[in-house]
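So you can see what is in the structure, the chains are spelled out below.
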Amino acid sequence: MEQLAYAAYGLYLVLILTGAWVAVRCRNLVRALLGLIMTLFGVAGMYFLMAAPFMALMQILIYVGAVSVLIFFAIMLTRTSGGQAGEEDGGARPALRTVLALLSGLLPAAILAVVILTKASQSLPLKPEMPLGRLGQFLTGPYVLAFELISVVLLAAMAGAVVLGFERRKSA
Amino acid sequence: MSPLALFHLAALLLLGFGLYGLTSRRSLVGMLISVELMLNGAGLALVASARLTPASDELGQLGTLLVMGLAAAEATLVLAMVLVAAKRWGTSDSDRLSMLKG
């Protein structure tokens, strides 16, 4: 059984790695978005592996269902100077830029990896799956303020997006 | 290696890829995709810590839910901003959007 869990972990890790690689390297933004979706499914699989199915379903619902559709709209509604939607501008990437970007990605990751590998606390055996009702009680009990605040943030973001969209049409 | 460290390393990979993409991408939409990668790594690390350490299970899952909500709000707002930038300057290339008031 444990070998099976490790095999599933490896499969999801491959999904995440391939998707993330495509998402950051592919010149075509639609393909990069597909890489992001692949990564999101991999992370959802990891949630399932941790016996948190609600998180996995929320991941698929919110990220794959809503956020990636939003990003797809953003890709389709913007064009580069070449008049092509979904293509990133510019010819070959300058080598210096890639090296600096690699450095900025690798350095924090390496430091944190050292911390994880040396200071790792012993991991417990997996807790039993948490019933969804407890999450609801938690959300409407001690953490009701966070719940209300995130609602206000979402409302403000949507109202702001609508206002920005109208302003664009007026000034054009 | 403990399962906790394995999950944290996966989250760390997402953070590294996201940072790399954020600095190497030129278009604003590509940068948004990289930010989503990083936020996903944060959620993964939170849930892993909640499930595999004595920390409160509800708190970790709730935190990840809030991260997802924030990511949705952020994507909405960034979509509107990218549209305004593309409309005003005709490009969403971060190298050319260098003026504060154009």
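Note that this is a predicted model, so its numbers are computed, not measured.

A. Inspection of the interface of chain A and chain B at higher detail. Contacts between the two partners involve 77 residues from chain A and, on the opposite side, 65 residues from chain B. Contributing elements (two or more residues each) for the side of chain A that touches chain B: α1 (2-25), α2 (29-49), α3 (53-77), α4 (95-119), α5 (132-140) and α6 (144-171) of chain A. Looking at the side of chain A that touches chain B residue by residue, the class counts come to 57 nonpolar, 13 polar and seven charged.

B. Looking closely at the environment of G10 of chain A. Mapped onto the elements of the fold, G10 of chain A is located in helix α1. Spatially, the C-alpha atoms of G10 of chain A and M46 of chain A are 9.9 Å apart, while their sequence positions differ by 36 residues.

C. Quick peek at the nonpolar core. By size, the foremost hydrophobic cluster in this structure holds 69 residues, and its most contacted members are L14 and L44 of chain B. Of all the elements in the fold, those that place two or more residues in this core are α1, α2, α3 and α6 of chain A together with α1 (3-24), α2 (28-52) and α3 (57-89) of chain B. Those residues in contact with L14 of chain B, other than ones at most four positions away along the chain, are I16 and A20 of chain A together with L37, M38, N40, G41 and L44 of chain B.

D. Structural detail: the packing of α3 of chain A against α3 of chain B. Where α3 of chain A meets α3 of chain B, the closest approach of the two axes is 9 Å, and the angle between their N-to-C directions is 10°. Judged on the interaxial angle alone, α3 of chain B and α3 of chain A are roughly parallel. Contacts from M55, M58, I62, Y63, A66, V67, L70, I71, F73, A74 and L77 of chain A of α3 of chain A reach α3 of chain B at Q61, T64, L65, M68, A71, A72, A75, T76, L79, V82 and L83 of chain B. A per-class count over the contact of α3 of chain A with α3 of chain B returns 19 nonpolar, three polar and no charged.

E. The arrangement of the packing of α2 of chain A against α2 of chain B in detail. Relative orientation of the contacting elements α2 of chain A and α2 of chain B amounts to 5°, with a least axis distance of 10 Å. In terms of orientation, α2 of chain A lies roughly parallel with respect to α2 of chain B. Judged by residue contacts, L29, A32, L33, L36, T39, L40, V43, M46 and Y47 of chain A of α2 of chain A engage V29, G30, I33, E36, L37, N40, L44 and V47 of chain B from α2 of chain B. When the residues that make up the contact of α2 of chain A with α2 of chain B are grouped by side-chain class, the tally is 13 nonpolar, three polar and one charged.

F. Seen up close, α1 of chain B. Taking 1.5 Å as the rise per residue, α1 of chain B with 22 residues should run 32 Å; its terminal C-alpha atoms sit 32 Å apart, in good agreement. Counting buried residues in α1 of chain B gives 20 out of 22 residues, a clear majority hidden from the surface.

Definitions and limits used
Residues numbered from 1 in each chain as written. Chains lettered and ligands numbered in written order. Predicted model: local features only at pLDDT ≥ 70, side-chain atom pairs only at ≥ 80, totals over all residues. Contact = placed C-beta atoms within 7 Å. Helix = DSSP H or I, 4+ residues; strand = E, 2+ residues; numbered from the N terminus. Nonpolar A, V, L, I, M, F, W, Y, C, P; charged D, E, K, R; others polar. Core = buried A, V, L, I, M, F, W, Y, C linked by C-beta atoms within 7 Å. Buried ≥ 20, exposed ≤ 12 C-beta atoms within 10 Å, placed from the backbone. Axes fitted to C-alpha atoms, helices over the stretch in contact; angles between N-to-C directions. Parallel < 35°, antiparallel > 145°, perpendicular 65-115°, else oblique. Expected span 1.5 Å × (residues − 1).

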